[in-house]
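Structural overview for review
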Amino acid sequence: MKRNQAGLVLGAVLLLALQGCSTPVREDAADVPVDERSVGVDPRMVDDGRTGVETGVFIDGEGYFEGRPIAELMEDPESVLSQRIFYFDFDSSELSADQLAALETHARFLIANPNIGVVLEGHTDERGSREYNLALGERRAQTIERLLSLQGVQPEQLQVISFGEERPAALGHHEEAWRLNRRVELLYSGY
Amino acid sequence: MLKRVLLFPLLAGLWLAASQAQARLVIEITGGVEGAMPIAIVPFSGERAYDDPLSEVISANLARSGRFAPLERDALPARPNRAGEIDFSRWRGVGTDHIVIGRTQAQEDGEILVQFQLFDVLRGVQMAGYSLSVPPQRMRRLAHQISDIVYERITGERGAFETRVSYVAVERVEDERMFRLAVADADGHNEQIILSSRQPLMSPSWSPDGRRLAYVSFEEGRSEIYMQDINTGQREKLASHRGINSAPAWSPDGRYLAMTLSRDGRPEIYIMDMRSRELSRITNNPGIDTEPAWAPDGRSLVFTSNRGGRPQIYQQALQGIRPQGSARRVTFEGNYNARARFSPDGKSLAVVHGEGNRFRIAVLELESGHLRLLTDTGHEESPSFAPNGSMIIFASERHHRGVLEAVSVDGRAHQRLGARRGDVREPAWSPFLRQNN
């Protein structure tokens, strides 16, 4: 994963400045003109006129997450938010432990972006009865909802929908297709 | 409660099609002539003047039931149209037990007069004789009525040929799936699309008068329950609560609709009073409760629940529309039994029985608890009884396409109903369309 060196340096400067200065730096994020290439760091420097120290303001809210524009993160297959599909075992709505870390990233992202909502869309494979699968798909989405809520995501940000087996991601009548279809998809509004 | 009547629902991607579709299901009889009763259906005089010759429709119906083996047309030793023309000894000579003869006659008012008679060949006596007048466009339906009469007189059991089947047809058009809710005659003919949508359609359920269907539509992005008059196209949204709205099931008297709602956070069975639209909750359990079906006497519901870990069928007694006592588990064989439907006599259930990756249709005798597998390919779901209890229609898969199949309850007769294109699934056999006289 690439990291912007300038961002790290400025972040460190900001930390030092906050420790050494009693005046808190306040900025209204909405007023800050942000160059897409600045990767979350306000290019303007603030001179408090007394110490001669320049402090940078780290913008990480509107439009950014962990130093990168959200739109870019959503597109990047390597990014921390790239795993937006979570998989389940047959007739199970429990999330396996190896997928928890990825889900925690989504929780951090949603907590940092309380204005962003996510639809949790539950699905099943084709096996078994359709109405039971509709309920099972909802159970899976509710598992994700519960885990995100436990991390502190606000309920208003989360919406559960189930399609049961009606919208398979993979066609085919074999285990490989079934595995891909037993899933919850995180669909972020606006992305 | 969201309640809305849509008379002209031209919502995005959704329309009602009143016109008769060209499509029809193609029936293929795939097994079950063994032990069937030989019968001769002699071509009716004048029947060739109409699109669907009566004797051909009647023969096909009786053959499909698995109970009869109609003689091939070429094997008929004679073509009598009147009782006096029948030489019973000749018919005994070809080994047939019964013979049906008839004639058609165009009337001055445009209707067709159809007369037919059924004879017992061994005893040489008439078992039934009718004279009926119908407009030409109802000839096919008349053939189903005649089939019902013949079937009932010989077997002693009411025929179910003059019935319909509703199902969901799915077709991939370019890169998009089109979902169609269809209604066809029980023999696959006369298919009409009553709703088309780009979003999934599910779970058609017939009202006991055979005039309306309740079903689930995702047209607004999630599952909601609708009711539609199949003749007028008038639709009404019945349930649109938070969470899932699914699995509608009409009570036998048509006063209530059982359904699954997860408005309180988890899927539970509710009963809606169709007059007041009030809901009463039947189940209250942390697991999944869904797929309700009414007993024919209206005094209990069966449903699927995973409260014991895996999906099994439970039965809940009712007092009116309130639960009476606690639900009782009725399936114990295997670790997946779901989506039960009562036989019309209330004595057995058709269920989806899963074993590993195989899902088959089984019949559970409620009193003995005996479970009998009826199908064997392993891709079967959505069983539905014919209203006379003789056959079960269900969804299956052949060559990676969804097809409908029907099997006689004794497992002997078997047929397949495939669409020309795309997949068909979730069949629901209609109730009888007329009062028995």
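Just so you know, these numbers come straight off a predicted model, no measurement behind them.

Now for the overall build of chain B. Each helix and strand in chain B was counted, giving three helices and 32 strands. For chain B, with 437 residues in total, the buried portion stands at 56%. Within the structure as shown, chain B displays about 18,400 Å² of accessible surface, and the carbon and sulfur contribution to it stands at 45%.

Looking only at helices and strands, chain A features five helices and eight strands. Going from the N terminus to the C terminus, chain A shows its helices and strands as α-β-β-β-β-α-β-α-β-α-β-α-β. Here chain A holds 191 residues, and the buried ones make up 46% of them. Of the contacts formed within chain A by residues at least 6 apart in sequence, a portion of 68% connects residues at least 24 apart. For chain A, the exposed area adds up to about 10,000 Å²; of that, 52% sits on carbon and sulfur atoms.

As a further point, take the confidence of the model for chain B. All names here are of chain B. Averaged over chain B, the pLDDT score is 91; the fraction of residues at 70 or greater is 92%. Predicted confidence is poor over residues 1-13, with pLDDT under 50, and the contacts of this stretch with residues over four places away or in other chains come to 31 contacts. Counting contacts from residues 15-22, a segment whose pLDDT is below 50, to residues more than four positions away or on other chains yields 21 contacts.

Residues and elements named next belong to chain B. Scanning all chains against the criterion turns up three cavities of 30 Å³ or more. Within this model, the largest cavity holds a volume of roughly 150 Å³. Sorting the residues of the lining of the largest cavity by element identifies β29 (391-398) and β31 (414-418) as the ones contributing at least two each. A class-by-class count of the residues in the lining of the largest cavity yields nine nonpolar, five polar and one charged.

Our focus in this paragraph is the sheet that holds strand β27 (residues 371-373) of chain B. All names here are of chain B. Pairing is antiparallel in the open sheet, where four strands are placed in the order β24-β25-β26-β27. In the strand order of this sheet, the two ends are held by β24 (337-342) and β27, each with one partner. Pairwise comparison of adjacent strand axes, ignoring direction, gives a mean angle of 30° for this sheet. For β24 and strand β25 (residues 348-355), the ladder comprises four bridges, and the chain directions are antiparallel. Within β25, the residue paired with Phe-342 across the bridge is Leu-349.

All chains considered together, the criterion is met by 38 salt bridges over all chains. Put simply, Arg266(B) and Glu268(B) hold a salt bridge, and the shortest N to O gap is 2.9 Å. The network of salt bridges with common partners includes Arg130(A), Glu165(A), Glu166(A), Glu381(B) and Arg425(B).

Relative to the assigned elements, Ser162(A) resides in strand β7 (residues 158-164). Looking at Ser162(A), the relative accessible area reads 3%, which means it is buried. Each C-alpha atom of the pair Ser162(A) and Gly137(A) lies 5.1 Å from the other, and the pair is 25 residues apart in sequence. Non-local contacts of Ser162(A), meaning those with residues more than four positions away in its chain, are made with Gly122(A), Asn133(A), Leu134(A), Gly137(A), Glu138(A), Phe218(B) and Ile244(B). A polar side-chain atom of Ser162(A) sits 2.6 Å from the main-chain carbonyl oxygen of Leu134(A). Only 3.2 Å separates the side chain of Ser162(A) from the backbone nitrogen of Glu138(A), close enough to count as a polar contact.

In this section: the interface of chain B and chain A. The interface is formed by 38 residues belonging to chain B together with 26 residues belonging to chain A. Summed over both sides, the interface of chain B with chain A buries roughly 2,800 Å², with 54% coming from carbon and sulfur. In this structure, Glu381(B) engages Arg130(A) in a salt bridge whose closest nitrogen and oxygen atoms are separated by 2.9 Å. Counting across the interface, chain B meets chain A through 18 residue pairs in polar contact (both at pLDDT 80 or more). Contributing elements (two or more residues each) for the side of chain B that touches chain A: β10 (176-185), β12 (201-206), β16 (245-250), β20 (289-294), β24 and β32 (423-429) of chain B.

Another point: the nonpolar core. Counting 36 residues, the largest nonpolar core has Ile225(B), Leu238(B), Leu257(B), Met259(B), Met274(B) and Ile392(B) as the members making the most contacts within it. If sequence neighbours within four positions are ignored, Ile392(B) has contacts with Ala350(B), Ile361(B), Val363(B), Leu374(B), Pro383(B), Ser384(B), Phe385(B), Glu405(B), Ala406(B), Val407(B) and Val409(B).

Once that is clear, we can look at helix α4 (residues 130-151) of chain A. Residues and elements named next belong to chain A. With 22 residues, α4 extends 32 Å between its outermost C-alpha atoms, agreeing within 8% with the 32 Å of an ideal straight helix rising 1.5 Å per residue. For α4, a buried count of 16 out of 22 residues is recorded, marking the element as mostly surrounded by other parts of the structure. One or two positions beyond α4, positive phi appears at Gly-152, with a value near 115°.

So, on to the confidence of the model for chain A. Low pLDDT means the predicted atomic positions in that stretch should not be read closely. Per-residue pLDDT for chain A has a mean of 77; in total, 68% of the residues score no lower than 70. Residue range residues 1-48 of chain A is modelled with pLDDT below 50. Its contacts to residues more than four positions away, or to other chains, number 52 contacts.

Rules used throughout
Residues numbered from 1 in each chain as written. Chains lettered and ligands numbered in written order. Predicted model: local features only at pLDDT ≥ 70, side-chain atom pairs only at ≥ 80, totals over all residues. Heavy atoms only, no water. Helix = DSSP H or I, 4+ residues; strand = E, 2+ residues; numbered from the N terminus. Buried < 20%, exposed > 50% of the residue type's maximum accessible area, 1.4 Å probe, protein only. Areas by Shrake-Rupley, 256 points an atom, 1.4 Å probe, with all protein chains shown as cover. Contact = heavy atoms within 4.5 Å. pLDDT = per-residue confidence, 0-100. 1 Å grid on protein atoms, 1.4 Å probe; cavity = no way out; pocket = protein on both sides within 12 Å on 5 of 7 lines; lining within 4 Å. Points joined across faces, edges and corners; volume = space filled by probe spheres on them. Nonpolar A, V, L, I, M, F, W, Y, C, P; charged D, E, K, R; others polar. Pairing = 2+ DSSP bridges. Axes fitted to C-alpha atoms, helices over the stretch in contact; angles between N-to-C directions. Salt bridge = Lys/Arg side-chain N within 4 Å of Asp/Glu carboxyl O. Polar contact = N/O pair within 3.5 Å; in protein donor to acceptor, adjacent residues only side chain to side chain. Buried area = accessible area lost by both parts, 1.4 Å probe. Core = buried A, V, L, I, M, F, W, Y, C linked by side-chain atoms within 4.5 Å. Expected span 1.5 Å × (residues − 1).

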